[in-house]
Amino acid sequence: MLQFWTAVRKVPTWVFPAAIGLFVLVLPLLGPGYELTRQIELTLILALVVSGLNISLGYAGQLAVGQAAMYAAGAYTAGMLSSAGHTDLLLQIVAAGLAALLVGILTGIPGLRLGSWSLAMTSFFLVLLVPDIVDIFEEDTGGHLGLTTMLNPTLFGRPLAAEAMYYVIVIVTIIWFTVFRNVVASRHGIAFQVLKQSPVLASSVGMSVFRTKLIGYAIGAVPAGFGGALLANLDLFVTPESFTFHVATGVLAASILGGSMSVYGAVFGASIIQFNNDQSSNFAEYSLVFFGAFLLIGGVLLRGGVAGLLRTGIRRLDRAAGLWPRRPAGAASGGAADAVELPPIEAGALEVAEAAKAFGGNHALRGVSLRAEPGQVTALIGPNGSGKTTLLNLVCGFYRRDAGRIIVAGTAIDGASPHRIARLGVTRTFQTPLIPPGVSVAEVVVSGRYTSDEVGFLSAVLRGPKFRRVRRRDLARAEDMLRLVGLEHLSDTEAATLPLGQRRMLEVARALVREPKVLLLDEAASGLDETEVETLAAVIRRIRDAGCAVILVEHNFGLVLSLADRIVVLARGAVLAEGTPEEIENDVRVRDEYLGIVESGDAPAGEEAETLPERTAK
Ligand code: ADP
Ligand code: MG
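Not measured: the values here are computed from a predicted model. (Residues numbered from 1 in each chain as written. Chains lettered and ligands numbered in written order. Predicted model: local features only at pLDDT ≥ 70, side-chain atom pairs only at ≥ 80, totals over all residues. Heavy atoms only, no water.)

**Observations regarding the sheet that holds strand E8 (residues 426-428)**
Rules: Strands are labelled as partners when DSSP assigns at least two bridges between them. In this description a helix means any DSSP run of H or I spanning at least four residues, a strand means any run of E spanning at least two, and both kinds are numbered starting from the N terminus. Each axis is a line fitted through C-alpha atoms, and for a helix only the stretch in contact is used; angles between axes span 0 to 180 degrees, taken between their N-to-C directions. By the convention used here, residues are in contact when the closest approach between their heavy atoms is within 4.5 Å.
One open sheet holds the 6 strands; their spatial order is E8-E9-E10-E5-E11-E12, and the pairing between them is mixed. The two strands at the open ends of the sheet, each matched to only one other strand, are E8 and strand E12 (574-579). The average undirected angle you get between the axes of adjacent strands in this sheet is 20°. Pairing between strand E11 (residues 566-571) and E12: 5 bridges, direction antiparallel. The residue bridging Val568 from the neighbouring strand is Glu578, located in E12. Packed onto the sheet, helix H23 (residues 530-545) meets strand E5 (377-381), strand E9 (518-522) and strand E10 (549-553) and runs at close to 150° relative to E10.

Next comes the structure, spelled out in structure tokens:
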């Protein structure tokens, strides 16, 4: 059994969906009969609609239930084109996809601007509005009686036989799922997952949150449009009954049950819903109850749906057969850092002048000024609540400052949005690491390169030469950075499952992969073991020597003394002292204010600090 599994795992993964696709394509030769053929046709159409929801909800995390409305937009576009004599099916499918895209964009903009619950509401109302809109345009749509004036479809000027619709549906589905898979595996797909994890994280790697959300939502609309055009031509009839709230719920149930965060899960989910829907009249009557039950099963019992179940099964078999982890797990290697080449960074200082920020009556920062020179480590220390993270958040643009100026490499960043500031060369790590679930270690690092070598959607879908060149470079750079931080042996592992120390180091790798001018490390060493702290210290020295301006927020005073060129001490939102490590170490006020607190157990105590490498001579 395990030998068989080992043999199966040698086959490239794309072969399996390709084989199923091929089988479905040649199925009519086996004479499956009308019933089964129709079931497959309807399942594939539903799978198209569901796949769109998988993109917008599963990958991009946008709570939207408007797929049924986009489906309707596609169906009516095709139906009206056909009634007007434009019978070419290809034309209709493309037009339907565009119409759905348009509806997606128009309804997405207000919903996404207002936040995720408003998107859920606007998309929900959109579905409820379908019959009314259809009635308003009764002359063209046939109103609630349905559109009955469709003509037989043609393809490239030739009439299309009724049986041929089957092939058209299968081929459109195969093409779309290939596109879907390619998008998901590209940096755009990873971008959706980064956004889903946290908008703050997304903008810190240079993604425009709104744009990424809108793209995810709009792209999800396109296959629903295709599905609509196919449905219309299957029956040569369009009725608002096909796009009710009922259908919307079925689509949601199929997505959750199949596994929203998966590509082929859409097909599983659609099959389960479609085949059950038709099996018994009872089911039709109580289908909302069934959908509810499916939602519960999918959402609660089978986290990750059928696709998740399959993934877990595959992982178990892999473990049993000794195929997992895919690379031998070696010890984290602190010494490999030197082997990695870090190209020199175009230098730029970070200047903060008189920055102030209050949260209500809480003055988190009151007139803080500091200057972080390129090629130097500027440590920012101070007790908890002294405003260190707030200062980093001002620099990154997540908080609007109340007063003061911030200048990155000569550019004032007044009022710029976080992703623009990120694009100026500012990157950071977070006090609580932000790592999206379901993404491999290597892909997490690649996501840091979102703004380097931009690759368009089309190029990612077609996997053209540019896409492949950039992809190779992305992976090579990611591997370098992983070697730098000592995680290269884990590159295939799911990143979110790593222990805290490794997730921190992974964040450092993600921040460095873009060759930042200014690197902000928020408590990067907390939770690291001794070897990891040494690796981190070595990495910080390397990036400093490459010309980066490093801001190190850290409680480990030993580490700070060994690394910093200058130290800025914050207390209650103001700069208490500033100077070289020697000056700070001997500053009486700092001893009283800060070190007393450190020693009393507020932060990692002296013991850990003593084991640290000595300050390197420069
Ligand atoms: P540090 O990183 O030095 O521990 P912070 O910058 O996180 O300190 O916090 C400084 C002060 O600002 C604290 O009093 C904290 O409660 C407050 N603060 C930080 N962020 C927010 C926020 N988003 N809303 C309200 N208060 C905040
Ligand atoms: Mg903090």
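**Describing the packing of helix H8 (residues 164-185) against helix H9 (residues 187-197)**
Defined as follows: Note on residue categories: nonpolar means Ala, Val, Leu, Ile, Met, Phe, Trp, Tyr, Cys or Pro, charged means Asp, Glu, Lys or Arg, and polar means any other residue, Gly included.
For the pair H8 and H9, the least separation of the axes is 4 Å and the interaxial angle reads 65°. Residue-level inspection shows Val183, Val184 and Ala185 of H8 in contact with H9, the latter providing Arg187, His188, Gly189, Ile190 and Phe192. Looking at the contact of H8 with H9, its residues break down into 5 nonpolar, 2 polar and 1 charged.

**Brief notes about a nonpolar patch on the surface**
Operational definition: Residues with no salt bridge and a relative accessible area higher than 30% make up the patches, which join like charges within 9 Å and nonpolar side chains (Val, Leu, Ile, Met, Phe, Trp, Tyr) within 5 Å. Note on areas: these come from Shrake-Rupley sampling with a 1.4 Å probe, and a residue is covered only by the protein chains present in the view. Salt bridge criterion: a side-chain nitrogen from Lys or Arg within 4 Å of a carboxyl oxygen from Asp or Glu.
Taken together, Phe23, Val26, Leu29, Leu30, Tyr167, Ile171 and Ile175 make up a surface patch of nonpolar side chains, about 710 Å² in accessible area. When residues of the nonpolar patch are traced back to their parent elements, those giving at least two are helix H2 (15-26) and H8. No other element matches H8, which puts 3 residues into the nonpolar patch. Along the chain, Ile175 turns up in helix H8.

**Let's talk about the coordination of the magnesium ion (ligand 2)**
This is how the line gets drawn: Shown as donors are all N, O and S atoms within 2.8 Å of a metal ion, widened to 3.2 Å for Na, K and Ca; because water is not in the atom set, sites may appear incomplete. Whether a residue is buried, partly exposed or exposed follows from its accessible area with a 1.4 Å probe, protein chains only, as a fraction of its type maximum: under 20%, in between, or over 50%, in that order.
Ligation of the magnesium ion (ligand 2) by protein atoms is provided by Thr389 (OG1) and Gln431 (OE1), these donors lying 2.0 to 2.2 Å from the ion. Separated by 42 residues along the polypeptide, Thr389 in helix H17 (residues 388-396) and Gln431 in the loop between E8 and helix H19 (441-447) bring together distant segments of the chain. A residue is classified by how much of its surface remains accessible, and Thr389, at 26% relative accessible area, is partly exposed. Accessibility expressed as a relative area gives 33% for Gln431, which makes it partly exposed.

**As for the site of ligand 1**
Basically, it comes down to this: Only heavy atoms are used to decide nearness, and a residue is near a molecule or strand if one of them lies within 4 Å of it. Polar contact is defined as a pair of N or O atoms within 3.5 Å, subject to the rule that within protein one atom must be able to donate a hydrogen and the other to accept it, and that residues adjacent in sequence are counted only when both atoms are side-chain atoms.
Taken together, Phe359, Asn362, Ala364, Pro383, Asn384, Gly385, Ser386, Gly387, Lys388, Thr389, Thr390 and Tyr399 make up the full set of residues near ligand 1. Here an oxygen atom of ligand 1 sits 3.0 Å away from a polar atom, N or O, in the side chain of Asn362. Note that an oxygen atom of ligand 1 is positioned 2.7 Å from one of the side-chain N or O atoms of Thr389. Compared with its free state, where it exposes 560 Å², ligand 1 has 65% of that area covered by protein. When contributions to the shell around ligand 1 are tallied by element, the ones reaching two or more residues are strand E4 (362-372) and H17. Ranked by residue count, the leading element in the shell around ligand 1 is H17, at 3 residues. Taken together, the residues that form the shell around ligand 1 break down as 4 nonpolar, 7 polar and 1 charged.

**Focus on a negative patch on the surface**
Formally: For the purpose of counting charges, residues Lys and Arg are taken to be positive, whereas Asp and Glu are taken to be negative. His and the chain ends are not included. Where a charge lies is defined by one atom per residue type, namely NZ (Lys), CZ (Arg), CG (Asp) and CD (Glu).
Together, Asp132, Asp135, Glu138, Glu139 and Asp140 give the surface a local cluster of negative charge. Those elements that place two or more of their residues in the negative patch are helix H6 (116-136) and helix H7 (138-141). When residues in the negative patch are grouped by element, the largest group, 3 residues, is from H7. Relative to the assigned elements, Glu139 resides in helix H7. Using a relative accessible area of 82% as the deciding quantity, one classes Glu139 as exposed.

**Describing the pattern of salt bridges**
Taken as a whole, this structure holds 15 salt bridges when the rule is applied. The salt bridge partner of Arg371 is Glu351, with a shortest N-O separation of 3.0 Å. Remark: Glu351 occurs in strand E3 (residues 350-359) and Arg371 occurs in strand E4; sequence separation between them is 20 residues. Classification of Arg371 as partly exposed rests on a relative accessible area of 38%. Assessed through its relative accessible area of 30%, Glu351 is described here as partly exposed.

**Examining the environment of His86**
Looking at the secondary structure, you find His86 in the loop between helix H4 (67-83) and helix H5 (89-114). The sequence separation of His86 and Gly464 amounts to 378 residues, and the corresponding C-alpha distance is 33 Å. When neighbours within four sequence positions are excluded, His86 is seen to be in contact with Leu81, Leu91 and Gln92.

**Details of the state of the cysteines**
Our working rule: Defined by distance alone, a disulfide is two cysteine sulfur atoms within 2.5 Å.
Counting across every chain of the model gives 0 disulfides. No disulfide involves Cys396; its nearest neighbouring cysteine sulfur is the one of Cys548, lying 13 Å away. Residue classification places Cys396 among the buried residues on the basis of a relative accessible area of 7%.

**Quick look at the packing of aromatic side chains**
To keep things clear, this is the line we draw: Any two rings among Phe, Tyr and Trp, with Trp reduced to its six-membered ring, count as a pair given centres within 6.5 Å; such a pair is stacked if its planes are under 30 degrees apart, edge-to-face if over 60, and tilted if neither. Here, a charge over a ring is recorded when the distance from Lys NZ or Arg CZ to the ring centre is within 6 Å and its angle to the ring normal is within 35 degrees.
This model, assessed by the stated rule, comprises 11 aromatic pairs. Both rings, one in Tyr59 and one in Phe180, keep their centres 6.2 Å apart while their planes meet at 85°; by these two values the pair is edge-to-face. Placement of Tyr59 in helix H3 (residues 34-59) and of Phe180 in helix H8 is noted, with a sequence separation of 121 residues between them. Both residues of the pair, Tyr59 and Phe180, count as buried. Aromatic side chains Phe124 and Phe245 sit 5.1 Å apart centroid to centroid with 85° between the ring planes, which places their arrangement in the edge-to-face category. Within this pair, whereas Phe124 is found in helix H6, its partner Phe245 is found in helix H12 (residues 245-258), the two being separated by 121 residues in sequence. By relative accessible area, Phe124 is classed as partly exposed at 26%. Counting every residue linked through ring pairs, the aromatic cluster contains Tyr59, Trp176, Phe177, Phe180, Phe226 and Tyr264. Sitting over the face of the ring of Phe210, Arg113 holds its NZ or CZ atom 4.0 Å from the ring centroid.

**Some details on H3**
A turn of α-helix holds 3.6 residues, and therefore any two residues three or four places apart point the same way. Our working rule: The span expected for a helix works out to 1.5 Å for each residue beyond the first. Fitting one axis to the seven residues ending at a residue and another to the seven starting there, the bend at that residue is the angle between the two axes.
Compared with the 38 Å implied by 1.5 Å per residue over 26 residues, the 36 Å span of H3 between its first and last C-alpha is a close match. Within H3, the axis deviates most sharply at Leu53, by approximately 25°. Most of H3 sits inside the fold, with 22 of its 26 residues counted as buried.

**Some details on the pairing of E5**
With 5 of 5 residues buried, E5 lies mostly within the body of the structure. The alternating pattern of E5 places Val377, Ala379 and Ile381 on one face and Thr378 and Leu380 on the opposite face, and all of these are buried. Of the pairings in the sheet, the one linking E5 to E10 comprises 4 bridges and is parallel in character. Bridge pairing in E10 places Ala379 opposite Leu552. Both E5 and E11 contribute to a ladder of 4 bridges, which runs parallel.

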